[in-house]
Amino acid sequence: MSIAAVLLAAGAGSRFLGETHKLRAPFRGSTVVQHALAGALQAELDATYIVTGAVELRDLIGSDVILVQNHSWELGQASSLRAGVFVAENDGHEAVVVGLGDQPLIGKQAWQAVSECSGDLVTATFGGRRSPPVKLGAAVWPLLPISGDAGARVLMQMSPERVTEVSCTGEPVDLDTLKDLKSWS
């Protein structure tokens, strides 16, 4: 089975009141999005995609990452998820593991554990709490929401019997505010 990593990084980051977009903010010698992307790349899945929209990130990613531009990013996270899945499907992948660009402390172990688990709806858990990355098999792609700020969470609520949880290491913190960034730097 061909499985791709999809990192969602298209939002405006409106709660972050720093000097730059939160994904471009300096974090532990790099940027927030570069740390988030590192975990996905180190997992060495069949391909790695990053979905962008509100802010240009091309200069922060390497040539081994496929850029997906979401021109409808204002419609919410669901549009970014659909954009990433659409390109991955057209490239022949049968599943995607989806992570968030503002979660820089999710390492390769979580990406690998989720990708290696069987099932069409697999989520990482950290200390018993569900958080991305989440594996979505092709069977659930038609069920993805079309708009709004929810993605796999909606599928898990609609079909709890389909969900497989995988205990992972890492810290699933979202760096949404300048205060978040400072407290984790």
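Note that the structure is predicted; figures quoted are calculated from it, not measured. (Residues numbered from 1 in each chain as written. Predicted model: local features only at pLDDT ≥ 70, side-chain atom pairs only at ≥ 80, totals over all residues. Heavy atoms only, no water.)

Quick one: what's the story with the environment of T48, residue by residue and with numbers?
Position of T48 among the secondary structure elements: in strand β4 (residues 47-52). According to the relative accessible area criterion, T48 is buried, its value standing at 5%. Taking C-alpha positions, T48 is 28 Å from E19, a pair spaced 29 residues apart along the chain. Not counting residues within four places of it along the chain, the set of residues in contact with T48 comprises A5, L37, A40, L41, D64, V65 and I66. (Helix = DSSP H or I, 4+ residues; strand = E, 2+ residues; numbered from the N terminus. Buried < 20%, exposed > 50% of the residue type's maximum accessible area, 1.4 Å probe, protein only. Contact = heavy atoms within 4.5 Å.)

Describe the packing of helix α1 (residues 32-42) against helix α3 (residues 108-116), naming the residues involved and giving the relevant values.
The N-to-C vectors of α1 and α3 enclose an angle of 45°; their axes lie 7 Å apart at closest approach. Considering their axes alone, α1 and α3 lie oblique with respect to each other. As for how α1 packs across α3, the hand of that crossing is right-handed. On α3, the residues touching G39, A40 and Q42 of α1 are K108, W111 and Q112. (Axes fitted to C-alpha atoms, helices over the stretch in contact; angles between N-to-C directions. Parallel < 35°, antiparallel > 145°, perpendicular 65-115°, else oblique. Left-handed = near helix turned anticlockwise from the far one by under 90°.)

Can you tell me about empty space enclosed by the protein, naming the residues and giving the values?
According to the stated counting rule, one finds one cavity of 30 Å³ or more in the structure shown. A volume near 40 Å³ is recorded for the largest cavity. Lining of the largest cavity is provided by L7, A36, G99, L100, Q103, I106, W111, P132 and P133. Mapped by element, the contributors of at least two residues to the lining of the largest cavity are β6 (95-100) and β8 (129-137). Split by residue class, the lining of the largest cavity holds seven nonpolar, two polar and no charged. (1 Å grid on protein atoms, 1.4 Å probe; cavity = no way out; pocket = protein on both sides within 12 Å on 5 of 7 lines; lining within 4 Å. Points joined across faces, edges and corners; volume = space filled by probe spheres on them. Nonpolar A, V, L, I, M, F, W, Y, C, P; charged D, E, K, R; others polar.)

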